[in-house]
Amino acid sequence: MEFNFCINDVLPHRLNCIDGSMLPDSFESDDRQMIAECQQKVAIILDKIGVSSGIAQGLQTPVTSSDRLRNSDHKVYLLTNPDGDGGDGTVVGLLKIGHKKLYVFDAAGKHHELTPICVLDFYVHESMQRAGCGRMLYEHMLQAENINPEYLALDRPSEKLLGFLKKHYDLVHIIPQNNNFVVYDRFFSTNPDLLPGYKNSAKIDSSRAAGKSSFSITPASGRALVSRPVGAMDKMMDSNTNSNCYSNGQSDSPRHAATPRSSCAASVVTEDTPEAPVQSDLKYQHQRLCWVTSDDHERAESY
């Protein structure tokens, strides 16, 4: 993705992190004019690649934009190609993450109030797909956040993302939820310290850098799930009730076309709603649990 200014001057590294300040993590200057110019160019980058990501996912409203990131606690990781556009550099992909307060069901059907890091947007430009760019971007984020992939919640992931996670991180079994988010069984099963006493802890693989994870968890306290419209994940599950797997065919309709999402997750907890009862058909939902098959390998390669 090309721009009418030098990307390498704004994003000097191949992997860059942008936070609510609208400045790259490598930016060093106290000059107000330089700060303003850099912020303006970063905003242009985020808005353009955010629109491309939304189009690729069939969204009516982009998930990533400068307005939504500005002064928030979210982060956007950007991957560039320094040699592109005649040496000025191009932007290859984005990965947006952020904390969300959610209610999440565990495998036993018990719901918990969590504030995990969530994957909110993930996109690699079409010209750079099938080149390992997505894996590079995702792995950099995991190391920078010091977190394992199973401890992330996914905001309405596409079939491509599900296939990507299966291929590279062996994430397969999904615990059905009553919101827009997807979590895997290892979200709980590989981290037993999370449940007893609701401790604020998360075990990090020895392959990750040492340090405290930014994952947090607190007990439920009479708050409820906010209802949401039927989404892509629901349709995928409903279409596979008797097959125990996701469809391997390519959909003709764009993802989320019927249920565009806003920048805020539909599952954000409210303070004044009554406690939500555990659904009576939760056991049935678990029986309907399905996972991505090996035929999704090609879709996973798109990242």
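Residues numbered from 1 in each chain as written. Predicted model: local features only at pLDDT ≥ 70, side-chain atom pairs only at ≥ 80, totals over all residues. Heavy atoms only, no water.

## Overview of the sheet that holds strand β7 (residues 153–155)
Here is the rule: Strands pair, by our definition, only if DSSP identifies at least two bridges between them. Helix numbering and strand numbering both begin at the N terminus, where a helix is a DSSP run of H or I of at least 4 residues and a strand a DSSP run of E of at least 2. Any two residues having at least one pair of non-hydrogen atoms within 4.5 Å are treated as being in contact. Axes here mean lines fitted to C-alpha atoms, for a helix over just the part in contact, with angles spanning 0 to 180 degrees between N-to-C directions.
Read across the open sheet, the 7 strands follow the order β1-β2-β3-β6-β7-β9-β8; overall the sheet is mixed. Each of the sheet's edge strands pairs with one partner strand only, and the pair in question is β1 (15–18) and β8 (174–175). As judged from the 2 bridges shared by β7 and strand β9 (residues 181–184), these two strands associate in the antiparallel manner. Looking at the pairing, Asp155 lines up with Phe181 of β9. Docked against the sheet, helix α2 (residues 32–57) engages β1, β2 (75–81), β3 (90–99) and β6 (117–124), running at close to 85° with respect to β6.

## Side note on the packing of aromatic side chains
We apply this condition: Any pair of Phe, Tyr and Trp rings, taking the six-membered ring for Trp, is counted once the centres come within 6.5 Å. Such a pair is stacked with planes under 30 degrees apart, edge-to-face with planes over 60 apart, and tilted for the rest. We call a residue buried when its accessible area falls under 20% of the maximum for its residue type, exposed when it is over 50%, and partly exposed in between, using a 1.4 Å probe and counting protein chains only. Whether a charge sits over a ring depends on NZ of Lys or CZ of Arg being within 6 Å of the ring centre and within 35 degrees of the ring normal.
Taken as a whole and assessed by the stated rule, the structure comprises 7 aromatic pairs. Each ring, one from Phe122 and one from Tyr138, has its centre 5.4 Å from the other, and the planes form 50°; the classification is tilted. Taken together, the residues Phe122 in strand β6 and Tyr138 in helix α4 (residues 133–145) connect sequence positions 16 residues apart. Considered together, Phe122 and Tyr138 belong to a single accessibility category, that of buried residues. One cation-aromatic arrangement involves Lys48 over Phe3; the distance from NZ or CZ to the ring centre is 4.8 Å.

## Section: the pairing of β6
Remark: a regular strand shows side chains that alternate across the two faces of the sheet. Burial runs high along β6: 8 of the 8 residues are buried. Here β3 pairs with β6 via 7 bridges, running antiparallel. Each residue of the ladder has a partner; that of Ile97, found in β6, is Val119. As defined by bridge partners, β6 adjoins β7 across 2 bridges and the pair is classed as parallel. When the sheet's bridge partners are listed, Cys118 is paired in β7 with Ala153.

## Quick word on the UniProt feature "site: Crucial for catalytic activity" (unreviewed entry) in the chain
Note the following rule: UniProt positions are given in the numbering used here, feature names are shortened, and annotations may be inferred rather than shown by experiment. Two N or O atoms count as a polar contact when they lie within 3.5 Å, although within protein this holds only if one can serve as hydrogen donor and the other as acceptor, and sequence-adjacent residues are included solely when both atoms are side-chain atoms.
Sequence positions flagged by UniProt for "site: Crucial for catalytic activity" (unreviewed entry) are, in local numbering, Gln57. On the secondary structure map, Gln57 appears in helix α2. By relative accessible area, Gln57 is classed as buried at 12%. Separated by 2.7 Å, the side chains of Gln57 and Ser53 make a polar contact.

## Observations regarding the environment of His13
Positionally, His13 belongs in the loop between α1 (7–10) and β1. For His13, a relative accessible area of 43% corresponds to the partly exposed category. It is 9.5 Å that separates the C-alpha atoms of His13 and Pro24, two residues lying 11 residues apart in sequence. If sequence neighbours within four positions are ignored, His13 has contacts with Ser26 and Thr80.

## A closer look at the packing of α4 against helix α5 (residues 159–169)
Put simply, the rule reads: Comment on the angle field: the value is read as roughly parallel under 35 degrees, roughly antiparallel over 145, roughly perpendicular from 65 to 115, and oblique elsewhere. Asp, Glu, Lys and Arg are counted as charged, while Ala, Val, Leu, Ile, Met, Phe, Trp, Tyr, Cys and Pro are counted as nonpolar; the rest, among them Gly, fall into the polar class.
Remark: α4 packs on α5, axes separated minimally by 12 Å, with the N-to-C direction vectors making an angle of 75°. Considering the angle they form, α4 stands roughly perpendicular to α5. Contacts between α4 and α5 involve Gly134, Arg135, Tyr138, Glu139 and Leu142 on the former and, on the latter, Phe164, Leu165, His168 and Tyr169. Broken down by class, the residue content of the contact of α4 with α5 amounts to 5 nonpolar, 2 polar and 2 charged.

## Some points on α4
Our working rule: Every helix has an expected span of 1.5 Å times one less than the residues it contains.
Compared with the 18 Å implied by 1.5 Å per residue over 13 residues, the 18 Å span of α4 between its first and last C-alpha is a close match. Taken residue by residue, α4 has Cys133, Gly134, Leu137, Tyr138, Glu139, Met141, Leu142 and Glu145 as its buried positions. Against the buried residues of α4 lie β1, β2, β3, β6, β7 and α5.

## Description of unusual backbone geometry
Despite not being glycine, Asn71 has its phi angle at roughly 60°, a positive value. With a phi angle near 55°, Asn146 is a residue other than glycine that sits in the positive phi range. The class of Asn146 is buried, set by a relative accessible area of 8%.

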